[in-house]
Amino acid sequence: RGDTISSLHVLSPLISAEYAFSHGFGVGIDWGFVLAVEAPARADDRWFAGQGAPLLKVWYSSPAARDRYTLYLGLSVPSAWLPRDIVSRGLARNAYAFAAATRGLWSAWQWAPEQITLAAGARYQREADPNLRLVLDAAVAGGVALSQLSDALGTGYAQLAPAVELHDTRFTLGLRAQGVLTTSHSEPLQLGGALYARLRLSAALELELAGHCNAVGPLGFTGRDLAVCGGWLAAGVSP
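Quick notes on the rules
Along each chain, numbering runs from 1 in the same order as the chain's sequence is written. At least 70 in pLDDT is required for a residue's local features to be given in this predicted model, at least 80 for side-chain atom pairs to be given and counted, and no such filter applies to totals for whole chains, interfaces and linings, which use all residues. Side-chain numbers come from the whole structure's heavy atoms, not from hydrogens or water. Going along the chain from the N terminus, every DSSP run of H or I of four or more residues is numbered as a helix, and every run of E of two or more is numbered as a strand. Throughout, the radius of gyration refers to the C-alpha atoms, and the reference size of a globule is 2.2 Å times the residue count to the power 0.38. Buried means the residue's accessible area, taken with a 1.4 Å probe over protein chains only, is under 20% of the maximum for its type, while exposed means over 50%, and partly exposed covers the values in between. Per-residue accessibility takes into account occlusion by the displayed protein chains alone, with areas from the Shrake-Rupley method and a 1.4 Å probe. By convention in this document, the label disulfide applies to cysteine sulfur atom pairs within 2.5 Å. A pair of strands is labelled paired if DSSP reports no fewer than 2 bridges between them. In this text, buried Ala, Val, Leu, Ile, Met, Phe, Trp, Tyr and Cys residues form a nonpolar core when linked through side-chain atoms within 4.5 Å. Whether two residues touch is decided by their heavy atoms; if any such pair falls within 4.5 Å, the residues are in contact. Each aromatic pair joins two rings of Phe, Tyr and Trp (for Trp, the six-membered one) with centres within 6.5 Å, and gets the label stacked for planes under 30 degrees apart, edge-to-face for over 60, and tilted for any other angle. The criterion for a charge sitting over a ring is simple: Lys NZ or Arg CZ within 6 Å of the ring centre, and within 35 degrees of the ring normal.

### Description of the overall build of the protein
- Within the protein one finds one helix and 13 strands.
- Ordered by position from the N terminus, the helices and strands of the protein form the series β-β-β-β-β-β-α-β-β-β-β-β-β-β.
- For 239 residues, the compact-globule estimate of 2.2 N^0.38 gives 18 Å, and the protein sits close to it at 19 Å.
- Taking the principal axes of its C-alpha atoms as reference, the protein extends roughly 60 × 35 × 35 Å.
- For the protein, the residues scored as buried account for 37% of the 239 residues in total.
- Here the protein has roughly 13,300 Å² of accessible surface; of this, 65% comes from carbon and sulfur atoms.

### Quick look at the environment of G179
- Topologically, G179 is positioned in strand β10 (residues 171-182).
- On the basis of relative accessible area, G179 is assigned to the buried category, the value being 15%.

### Brief notes about the state of the cysteines
- Inspection of every chain in the model, using the stated rule, returns one disulfide.
- Across the disulfide, C213 is cross-linked to C229 (sulfur-sulfur distance 2.0 Å). Negative torsions about the S-S bond denote left-handed disulfides, and the value of about 110 degrees found for C213 with C229 makes this one right-handed. Of this pair, C213 sits in strand β12 (residues 205-216) while C229 sits in strand β13 (residues 229-237); the two residues are 16 residues apart in sequence, bridging distant segments of the chain.

### Re the pairing of strand β6 (residues 67-76)
- Summarising the sheet, strand β5 (residues 55-61) and β6 pair through seven bridges and their orientation is antiparallel. Bridge assignment links Y60 to a residue of β6, and that residue is L71.
- Adjacent in sequence and paired antiparallel, β5 and β6 are bridged by five residues.
- Two elements, β6 and strand β7 (residues 115-129), share nine bridges in a ladder whose sense is antiparallel. By the bridge assignment for β7, R68 is matched with Q125.

### Some remarks on the pairing of strand β11 (residues 189-200)
- Summarising the sheet, β10 and β11 pair through 11 bridges and their orientation is antiparallel. Each bridged residue has a counterpart across the sheet, and for L173 the counterpart in β11 is A197.
- Note: β11 against β12, 10 bridges, orientation antiparallel. Among the inter-strand pairings, R200 is bridged to a residue of β12, identified as E206.
- Two successive antiparallel strands, β11 and β12, enclose a turn made up of four residues.

### Observations concerning the environment of Q148
- Residue position: Q148 is located in the loop between β8 (132-145) and β9 (154-167).
- For Q148, a relative accessible area of 82% gives the class exposed.
- For the pair formed by Q148 and E114, sequence separation is 34 residues and the distance between their alpha carbons is 9.4 Å.

### Focus on the nonpolar core
- Among the nonpolar cores identified, the biggest contains 29 residues, and V34, F48, Y96, L105, W109 and Y157 are the most heavily contacted of them.
- Those elements that provide at least two residues to this core are β3 (25-40), α1 (86-101), β8 and β9.
- Among residues more than four places away in sequence, those in contact with V34 are L11, S12, F48, A49, G50, A95, Y96, A99 and W111.

### What about the packing of aromatic side chains?
- Under the defined criterion, the tally for this structure stands at six aromatic pairs.
- Each ring, one from W109 and one from Y157, has its centre 5.4 Å from the other, and the planes form 70 degrees; the classification is edge-to-face. A residue pair is termed long-range when its members are at least 10 positions apart, and W109 in the loop between α1 and β7 and Y157 in strand β9 qualify at 48 residues.
- Owing to a relative accessible area of 9%, Y157 belongs among the buried residues under this scheme.
- Ring pairing ties together the aromatic residues F25, Y60 and Y69, which thus form one cluster.
- In this structure, K57 packs its charged tip against the face of Y72, placed 5.4 Å from the ring centre.
- Its end group placed over the ring of W106, R176 keeps NZ or CZ at 4.5 Å from the ring centre.

Shown next, in the form of structure tokens:
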């Protein structure tokens, strides 16, 4: 984001790790981080580096078949706290907000500072034919604010994302629509879409390039706030 007064750049990497037990059960963690730099026109640059709220989860995945589903239950660790200094606190808030915005507020509790959240989600996957896959992701969550400086006591979330994937043994091209309901905005519904491409280099390594744009809602092109799009490169390793 840039204007005539200042510019703001935010980098928000996300690390996910899972370990599978027998009979389809497993544990995992999703942990995000933020790095932001604000460059005012007539002042020194300001930096902020912090962590999101890591989500610790347990999950169950059905055996591989034409229809497959995964269920999870998670609890976030409230390890993301804003600085007390007013200027630094504002920069930190912007950093977390843009980390969530570039993802269309998907799993926004990962970027919610000073909050503990309980989340439950599911993923359904169906092989419609040898080269066509249908995917549906959904989750609900409730967060409780832990700081006395917070404007709200808590936040509720509900999200749903259907996707269609064309694939062969190595390459996948997907189109995903996404809707997120949250109680933290005056406009509660955020709609957007993403296009992604995934390449499996080996049985243990895959790469994904994706882009997401918010269409309708507070972060969309029809909203009253700044329209936001995001892009990312992901790597997956399965030892």
